[in-house]
Amino acid sequence: MNFDAIILGAGGAGLMCAAVAGQRGRRVLLIDHAQQAGKKILISGGGRCNFTNIHTAPDRYLSANPHFAKSALSRYTPQDFIELVDRHRIAWHEKTLGQLFCDGSARQIVHMLMEECAKGSARISLGRPIRDVSHSDGLFRVTYGDEAAAAPSLVIATGGPSIPKMGATGFAYDLARKFGLKVVEPRPALVPLTLGGDEVLFRELSGVSAEVIARTGKTQFREAALFTHKGLSGPAILQISSYWRKGQEIGIDFLPALEPTWPLEAKRARPRTHFHNLLGEKLPDRLAETLAKRIGLWGELSNLPDRKLEEAGRRLADWRFTPSGTEGFAKAEVTAGGISTAELSSQTMQTEKVPGLYAIGEGVDVTGWLGGYNFQWAWASGWAAGQAV
């Protein structure tokens, strides 16, 4: 069977690409080994799909080339996707920090994208593993299940290896390397961090959360952190994990609303208050007690030296952890790294080395913040390739 474009991967980017190309009159074949399209869409946002973020900007993406995402993101914006959602009469709401969710179910987004593919008469083949991909005489040939197809354009949209239980693999990188493309070392991103050594005691706080500022290097995020039986999670930690490298420290400000001098001020205002009780007014009890013990300050503020209180204020504003690692791809929401952007046109997502070969979505070395940014990259990169194939 001959097509104008074959798209590998029926996730967000692949579905968008198939819809756009099909509606331009291209004969499109979309293939996925999964039995269902959009599996990651279905589980996202607690089943309600955090489908975009109104604050999308290139500086909220990690890439070896921080400028690469600018073109696609500027040509297909959150507003463009919102208009598509509105045309399909899907009700939505803004949660926090510009995150948009369906009022109903993530299934509505998948259904919408499938309808858009149908409008363009895109052929969708699910549940057929890709057995072979080759290229000669200007045509890409794909064997999938017990069928074969050929096209002058091939789009890699199979994502990264995060959440392998959903069927995610490193197929995109294997295929890229087969065609001689460079791959930036993939690593888990938006992933919980693990603690070991002296910090194991914090595992006893499993289930406790607090609003903090988490920082590494010059990057910081102010959101909730959650203690787990393995270490640290929650939005602030997931965000910072994308920037963290093994061996680096993470700094946590447990009291971001207060200046580090607050213990001294409290001593003058309320000298008879016990330090751990004071801390308990500002943090969950179990966390306050653990931090007070770790700092080694116990008793009434009036009996504690100013120097010790100053040290405590500074430490609580920049508590240092050295994570032992992450919970890996199994728990990572996305993958950082991937097919090098140096190999791709930022306008069309086509590879420079192999004309007709494109790469989009999570498999490319562009990784967004938590909160709808990665879906917006999927829509924008899919749209860019869909306009070009």
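Residues numbered from 1 in each chain as written. Predicted model: local features only at pLDDT ≥ 70, side-chain atom pairs only at ≥ 80, totals over all residues. Heavy atoms only, no water.

1. Things to note about the overall build of the protein
A tally of helices and strands in the protein yields 12 helices and 22 strands. The C-alpha extent of the protein, read off along each of the three principal axes, is 85 × 40 × 35 Å. Counting every position in the protein, which comprises 389 residues, the buried fraction comes to 56%. Considering only intrachain contacts with a sequence separation of at least 6, the fraction spanning at least 24 residues in the protein is 72%. Of the charged side chains in the protein, 45 are positive and 39 negative; the average position of the first set lies 2 Å away from that of the second. (Helix = DSSP H or I, 4+ residues; strand = E, 2+ residues; numbered from the N terminus. Buried < 20%, exposed > 50% of the residue type's maximum accessible area, 1.4 Å probe, protein only. Contact = heavy atoms within 4.5 Å. Lys, Arg positive; Asp, Glu negative; His and termini not counted. Charge placed at Lys NZ, Arg CZ, Asp CG, Glu CD.)

2. Points about the sheet that holds strand β10 (residues 147-151)
Spatially, β8-β9-β10 is the arrangement adopted by the 3 strands of the open sheet, whose pairing is antiparallel. Two strands close off the open sheet at either side, each with one partner strand: β8 (130-136) and β10. With direction set aside, neighbouring strand axes in the sheet form an average angle of 15 degrees. Bridge count between strand β9 (residues 139-144) and β10: 5 bridges; the pairing is antiparallel. By the bridge assignment, Val142 is partnered in β10 with Ala149. (Pairing = 2+ DSSP bridges. Axes fitted to C-alpha atoms, helices over the stretch in contact; angles between N-to-C directions.)

3. A word on the pattern of salt bridges
For the structure on display, the rule yields 19 salt bridges. Ionic pairing is found between Glu147 and Arg123, a salt bridge with its closest N-O pair at 3.5 Å. Of this pair, Glu147 sits in strand β10 while Arg123 sits in strand β7 (residues 123-126), placing them 24 residues apart in sequence. Using a relative accessible area of 18% as the deciding quantity, one classes Glu147 as buried. One salt bridge in this structure joins Asp306 and Lys267, with 2.7 Å as the shortest N-O distance. Placement of the pair is Asp306 in helix α11 (residues 306-317) and Lys267 in helix α8 (residues 262-269), with a sequence separation of 39 residues. (Salt bridge = Lys/Arg side-chain N within 4 Å of Asp/Glu carboxyl O.)

4. A few points about the packing of aromatic side chains
The final tally for this structure, using the stated rule, is 15 aromatic pairs. Here the aromatic residues Tyr61, Phe221, Tyr243, Trp369 and Tyr373 are joined through ring pairs into a cluster of three or more. Cation over ring: Lys95 sits above Phe101, and NZ or CZ is 4.9 Å from the ring centre. Between the NZ or CZ atom of Arg315 and the centre of the ring of Trp319, over which it lies, the distance is 4.0 Å. (Phe/Tyr/Trp six-rings, centres within 6.5 Å; stacked < 30°, edge-to-face > 60°. Lys NZ or Arg CZ within 6 Å of the ring centre and 35° of its normal.)

5. Thoughts on the environment of Lys308
Residue position: Lys308 is located in helix α11. For Lys308, a relative accessible area of 34% translates into the label partly exposed.

6. Points about unusual backbone geometry
Phi at Cys49 is positive, roughly 60 degrees, even though this residue is not glycine. As for its placement among the helices and strands, Cys49 is situated in the loop between α2 (39-43) and β3 (50-53).

7. Remarks on the side chain of Glu327
For Glu327, the position within the fold is in the loop between β19 (325-326) and β20 (334-339). Although Glu327 is buried, it forms no salt bridge, and the closest oppositely charged side chain is Lys230 at an N-O distance of 4.1 Å. The residues touching Glu327, leaving out its near neighbours within four places in the chain, are Val191, Pro192, Thr194, Thr228 and Lys230.

8. Thoughts on the nonpolar core
Formed by 122 residues in total, the largest nonpolar core has its most connected members in Ile109, Phe254 and Phe275. No other element matches the 9 residues that helix α12 (residues 373-388) contributes to this core. Beyond its immediate chain neighbours, meaning those up to four positions away, Ile109 contacts Ile41, Cys49, Phe51, Phe81, Val85, Ile90, Cys102 and Trp379. Core analysis: the next-biggest nonpolar cluster, separate from the first, contains 6 residues, Leu190, Leu238, Val334 and Leu370 among them. (Core = buried A, V, L, I, M, F, W, Y, C linked by side-chain atoms within 4.5 Å.)

9. Considering the sheet that holds strand β11 (residues 153-156)
In spatial order, the strands read β7-β2-β1-β11-β21; together these 5 strands make up an open sheet with parallel pairing. Bordering the open sheet on either side are β7 and β21 (357-359), each of which pairs with just one other strand. Each neighbouring strand pair of the sheet contributes to a mean axis angle of 15 degrees, computed without reference to strand direction. Relative to β11, strand β1 (residues 5-8) runs parallel, the two sharing 4 bridges. Across the sheet, Leu8 pairs through a bridge with Ile156, a residue of β11. In this fold helix α6 (residues 171-178) packs onto β1 and β11, with an angle of close to 140 degrees to the strand it touches most, β11.

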